[in-house]
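Listed below are the residues making up each chain.
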Amino acid sequence: MTHRIVVNVQTGEITQVEYTPEEQAAHDAAVAAQQAEAEAQALAEAQALAEAAQPTPEQGTTNGS
């Protein structure tokens, strides 16, 4: 599980505690959303590069004819 840091402002004591199941679920959902967004961005960039590499009808092809 993921941990969080808790600081007691009165004593200055610092402790590391595990997330509650609800906190862990929210964390996992946020990480999954970030990964999905990054994958979607990478796919969009790859598609844009592939489209840019395609010759336009005005350019034609360079197959020797």
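All values derive from a computational prediction rather than experimental measurement.

Draft legend 1. Seen up close, the overall build of the protein. If you tally the helices and strands in the protein, you get one helix and two strands. Mapped in sequence order, the helices and strands of the protein form the string β-β-α. In the protein, which comprises 65 residues, the proportion classed as buried is 3%. Considering only contacts within the protein whose residues lie at least 6 apart along the sequence, 3% involve residues at least 24 apart. Counting only carbon and sulfur atoms, one obtains 56% of the accessible surface of the protein, whose full area is about 5600 Å².

Draft legend 2. Representation of the pattern of salt bridges. Tallied over the full model, the rule gives one salt bridge. Two residues, Arg4 and Glu23, come together in a salt bridge whose shortest N-O distance is 3.1 Å. Highlighted residues: Arg4 in strand β1 (residues 3-7) and Glu23 in helix α1 (residues 21-53), separated in sequence by 19 residues. Residue Arg4 is classed as partly exposed on the basis of its relative accessible area, which comes to 30%. Here Glu23 falls in the partly exposed class, since its relative accessible area comes to 29%.

Draft legend 3. A look at the pairing of strand β2 (residues 14-18). Alignment of β1 against β2, held across five bridges, turns out to be antiparallel. In the strand pairing of β2, Val6 is matched with Thr15. Connecting β1 to the antiparallel partner β2 that follows it, the hairpin turn spans six residues, and Gly12 within it adopts a positive phi of roughly 80°.

Draft legend 4. Layout of the confidence of the model for the protein. Mean pLDDT over the protein stands at 90; residues scoring 70 or higher make up 89%. When pLDDT is averaged over each element of the protein, β2 comes out on top at 97 and α1 at the bottom at 95.

Draft legend 5. Here's a closer look at a nonpolar patch on the surface. A surface patch of nonpolar side chains, amounting to about 440 Å² of accessible area, comprises Ile5, Val7, Val9 and Ile14. Considering the arrangement of structural elements, one finds Ile5 in strand β1. Classification of Ile5 by relative accessible area gives exposed; the value is 56%.

How each quantity is defined
Residues numbered from 1 in each chain as written. Predicted model: local features only at pLDDT ≥ 70, side-chain atom pairs only at ≥ 80, totals over all residues. Heavy atoms only, no water. Helix = DSSP H or I, 4+ residues; strand = E, 2+ residues; numbered from the N terminus. Buried < 20%, exposed > 50% of the residue type's maximum accessible area, 1.4 Å probe, protein only. Contact = heavy atoms within 4.5 Å. Areas by Shrake-Rupley, 256 points an atom, 1.4 Å probe, with all protein chains shown as cover. Salt bridge = Lys/Arg side-chain N within 4 Å of Asp/Glu carboxyl O. Pairing = 2+ DSSP bridges. pLDDT = per-residue confidence, 0-100. Patch = residues over 30% accessible without salt bridge, like charges linked within 9 Å, V, L, I, M, F, W, Y side chains within 5 Å.

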